[in-house]
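These are the residues of each chain, in order.
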Amino acid sequence: MRYCRLTIAILLSVFVRAIYAQTNLVTQTIRGIVEESDTHIPIPWAVIQVNAGESFKSSTATDESGHFRMDGVPVGRVKIVVAMSGYEQKILDDVMISSGKESIFNIELEPMVVEMAEVEIRATREGESQNEMATVSSRQFSVNETNRYAGSRGDPARMASNFAGVQGADDSRNDIVIRGNSPLGVLWRVEGVDIPNPNHFNIPGTTGGPVSIINNKYLANSDFYTGAFPAEYGNCTAGVFDLRLRNGNNSQHEFTGQFGFLGTELMAEGPLNKEKGSSYLVGYRYSTVSLFSKIGIDIGTDAVPRYQDGNFRLFFPGKNNSVLSIWGIGGLSQVDILISNQKSPDQRNIYGQNDRDQYFGSGMGVGGLTWSKTLNKKSFLKVTLAAMSDVVDSYHELVYRHLDTTSTYVVDSLKPLLDYRFRQNKYAGALVFNHKFKAQHLVRVGFNIDYFRWIMTDSVRSSLDDSSAWYNKWDRRWDSNASAFLIQPYVQWRYKLTNALSLNAGIHTTFFTLSQSQRIAEPRVALKWEFKESQHIALACGMHSGMQPAYMYFYRVPLTDSLGAQRATLNDKMDLTRSIHYVISYQVVLKKGIRILSEIYFQQLSHVPVEKDSSSFSLLNTGAGFSRFFPGELMNAGRGENYGAEITVEKFYQRGWLFLFTGSWFNATYRGSDGVERNTDFNGGYALNALGSKEFNIKKGSAFVVGTKVTVAGGRWYGPADIHASNAARELVYVDSLRNTLQFDPYFRLDLKLNLRLNREKTTHEIGLDLVNLLNTKNVLSLTYAPDESGDPAQSVRKEYQLGLLPVFFYRIDF
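We now turn to the structure provided with this report. (Residues numbered from 1 in each chain as written. Predicted model: local features only at pLDDT ≥ 70, side-chain atom pairs only at ≥ 80, totals over all residues. Heavy atoms only, no water.)

## Some words on the overall build of the chain
Stated precisely, the cut-off is as follows: Under the scheme used here, helices are H or I runs from DSSP no shorter than 4 residues and strands are E runs no shorter than 2 residues, and both carry numbers assigned from the N terminus. For every residue, the accessible area obtained with a 1.4 Å probe (protein chains only) is divided by the maximum for its type, and the residue is called buried under 20%, exposed over 50%, and partly exposed between those limits. Contacts: residue pairs with any heavy atoms within 4.5 Å of one another. Areas reported here follow the Shrake-Rupley algorithm with a probe of radius 1.4 Å; residue values treat only the protein chains shown as occluding.
If you tally the helices and strands in the chain, you get six helices and 46 strands. Counting the 815 residues in the chain, one finds 58% classified as buried. If you take every contact in the chain between residues at least 6 apart in sequence, the share linking residues at least 24 apart comes to 66%. Carbon and sulfur atoms make up 56% of the accessible area of the chain, which totals about 32700 Å².

So, in structure tokens, the structure goes:
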């Protein structure tokens with residue numbers, strides 16, 4: 001708390017000084033290119049209007065090559081409207097102009113079906129998906145949004161948890177639950193290729209982690225999907241992050257430095273060749289969490305996480321409307337969670353198991369090149385080639401200890417328990433070809449091909465009883481060196497019957513050679529009708545499927561129970577999980593800049609892996625947390641069902657403020673091999689978010705921003721623990737028949753965000769403080785097992801709580 005008060009005092013001090021500082025009006029240049037969304041042909045003579053309230057209104061037009069430039073734009077937030085005859089208007093409501101960086105835009109306009117009898121203006125606004133094939137359950141998000149919302153920490157996944165139908169699974173991680181689905185069903189895609197889990201300290205079989213490797217400063221506007229995806233997306237059943245990387249400034253060198261809770265960062269961008277328009281962007285971040293841990297901030301563990309990550313992008317415009325970019329993303333992380341160093345039972349650890357020392361490391365890297373070309377006025381081609389790798393390794397030692405007379409832990413011994421290393425290498429290729437047939441028809445054909453190579457080893461001590469013949473035996477649960485292809489061709493068709501009525505249809509195909517799984521045709525169709533100005537209704541349905549976590553294909557089970565028994569991989573032929581989505585959507589945009597969106601959905605899941613022996617286990621309950629799963633022989637006989645309703649009420653940024661309210665009411669159930677219908681672990685039933693932000697302008701373009709967010713959600717489901725079995729196994733064991741018959745208390749969190757932005761000539765300073773869980777509310781995370789040294793076996797299973805008050809501070813300078 002002393003740290004929080006000190007930071008707020010510094011913010012207020014700087015704020016007061018800024019008010020009385022004498023500064024001149026600070027302006028900046030904005031520039032960019034306007035292109036057609038279907039073929040990326042530059043659009044000449046498009047009109048760009050910039051509105052900064054009553055103080056500044058101006059307009060310009062693109063030149064013959066589609067480029068535009070406007071000097072003298074005052075720093076701060078502005079509204080940009082782009083219009084051209086034959087295209088839908090593009091409205092950007094909340095554009096931040098700062099003195100430290102030029103604002104460069106790549107604006108895409110969607111062509112209209114021109115009919116001589118009609119005179120109409122149609123517009124797309126910020127927040128609508130960039131993908132013209134997306135009809136429902138999709139949203140564009142920008143860097144502004146990842147910074148805007150309290151509690152988001154600049155993380156795309158945490159930002160997405162503010163949207164309807166989306167909620168976080170764990171405050172200490174950024175796994176997201178979409179419409180009651182496991183986070184396993186979320187796909188991450190960058191520049192057209194699917195990438196491995198882009199988070200530090202990631203666990204096999206998850207799609208999230210405590211800290212994102214993807215730095216929002218390198219992102220262009222990107223898309224997020226929560227259901228009924230277009231045909232170009234496969235190998236996912238819950239949601240998609242389709243990320244685009246931005247180019248560096250191609251006319252002047254710019255630099256960014258940042259210090260804060262999440263790390264120390266340096267970034268540089270600028271031209272490689274001004275005449276040709278080529279540019280570079282490169283950045284690096286190193287963790288500084290250890291500094292904040294030392295001053296008493298609770299991060300959920302006494303261990304000090306160490307991580308580093310970097311990104312780069314080189315951009316080379318070519319001849320005849322061609323472009324080549326070379327890019328890369330990567331990160332390394334390591335943490336030593338040493339239970340043996342704990343001195344009292346009050347010390348806690350929510351990042352691992354509480355009966356062992358854990359030495360954990362992870363890393364991922366992706367490098368690729370993307371080439372695109374506008375072939376003619378009707379055709380566009382884009383090709384991406386990439387290589388990537390992710391690795392996780394961990395070593396565990398069991399801790400035997402007791403409490404002395406002063407209630408201080410005394411370590412008796414440490415026993416090596418397990419050692420594993422999982423590596424996945426992948427080579428990926430993606431091709432997209434767009435072709436227009438008149439203004440009404442757009443066909444998109446493409447494919448994604450991934451070649452996987454898995455090297456996985458895992459050894460665990462066979463027995464912890466030193467008198468047993470098994471004590472010196474080590475069990476090889478994983479020992480694989482395998483490869484496979486995942487091939488996903490698709491075709492999509494958009495038919496604009498009129499400007500108000502459009503049809504999207506497509507077919508996705510999947511072949512996975514490891515398990516010989518195939519989905520010959522997964523049809524997807526959507527219809528959108530704008531029956532009034534600023535109102536539309538849409539219907540969509542589609543079939544989807546996804547691989548299982550790679551490590552689960554290679555888990556080896558014993559052939560017999562005898563000493564030294566051989567093991568066999570029995571799950572390497574698991575089929576794809578299948579899902580069918582149905583969505584109905586209605587949206588209205590009111591004149592005062594308020595958007596209301598409601599959706600109703602129904603989802604059926606089938607071919608879900610469950611245990612062959614009768615049990616409550618289902619893979620639909622996995623994918624969040626810091627543990628792997630060790631089921632027995634699996635079969636694709638499980639089922640699931642999700643349905644619900646969502647509403648979004650959003651006021652776009654106008655006159656210095658905005659708000660967003662989202663509400664979700666849902667039900668998510670499943671059946672294991674025992675045939676009993678149960679709540680999934682993630683079936684909270686409801687999730688409500690209310691957030692707002694107010695910006696106070698101070699002295700010529702500087703501003704002080706206050707934002708807040710309130711989240712209320714239903715609690716997670718769980719079952720009673722089997723105390724005797726848990727103590728015998730030294731890990732949490734549930735009563736299988738009673739799984740998910742109990743529910744934790746509802747989740748509540750209040751966040752507060754304070755930002756001070758100071759614009760000076762050619763330099764922008766920003767100081768921010770994000771107070772996550774401002775009221776220090778104790779929300780239950782899960783049950784956990786920790787051997788009780790007091791002699792009471794029943795105390796070995798206890799509730800673990802989420803993070804308390806977490807102040808996330810940063811200072812950034814752009815110049």
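## Quick notes on the packing of aromatic side chains
Rules: Only Phe, Tyr and Trp rings take part, Trp by its six-membered ring, and two of them pair if their centres are within 6.5 Å. Stacked means planes under 30 degrees apart, edge-to-face means over 60, and tilted covers everything else. A positively charged side chain is recorded as over a ring if its NZ (Lys) or CZ (Arg) lies within 6 Å of the ring centre. The angle to the ring normal must also be within 35 degrees.
A full pass over the atoms with the stated rule returns 26 aromatic pairs. For the ring pair F452 and W454, a centre distance of 5.1 Å and an interplane angle of 10° mean the geometry is stacked. Like W454, F452 is buried. Three or more aromatic residues joined by ring pairs form one cluster here, namely Y420, F422, W478, Y551, Y555 and F630. Of note, K778 hangs over the ring of Y801, and the distance from its end group to the ring centre comes to 4.3 Å.

## Some points on the pairing of strand β25 (residues 409–437)
Definition in use: For two strands to count as paired, DSSP must find a minimum of two bridges between them.
Pairing of strand β24 (residues 379–403) with β25, which is carried by 25 bridges, proceeds in the antiparallel orientation. Across the sheet, the residue bridging to D390 is Q424, located in β25. Relative to strand β26 (residues 441–461), β25 runs antiparallel, the two sharing 20 bridges. Bridging from a neighbouring strand, D419 pairs with S459 of β26. Between the antiparallel neighbours β25 and β26 lie three residues, among them K438 with a positive phi of about 60°.

## Brief notes about the sheet that holds strand β12 (residues 186–190)
A sheet is described by the order of its strands in space; here five strands give the open sequence β9-β16-β17-β12-β13, paired in mixed fashion. Because the sheet does not close on itself, it has two edges, and the strands there are β9 (138–141) and β13 (193–194). With four bridges joining them, β9 and strand β16 (residues 222–225) adopt antiparallel strand pairing. Opposite R139, over in β16, you have F224 as the bridge partner.

## Remarks on the sheet that holds strand β7 (residues 103–109)
Test applied: The axes used here are C-alpha line fits, helices contributing only the stretch in contact, and every angle between their N-to-C directions lies in the interval 0 to 180 degrees.
Spatially, three strands are ordered β4-β1-β7 in an open sheet, and the strand pairing comes out mixed. A strand with exactly one partner marks an edge of an open sheet, and here the two such strands are β4 (67–74) and β7. If you compare each strand with its neighbour and ignore which way they point, the axes differ by 25° on average. Relative to β7, strand β1 (residues 27–36) runs parallel, the two being bridged by seven bridges.

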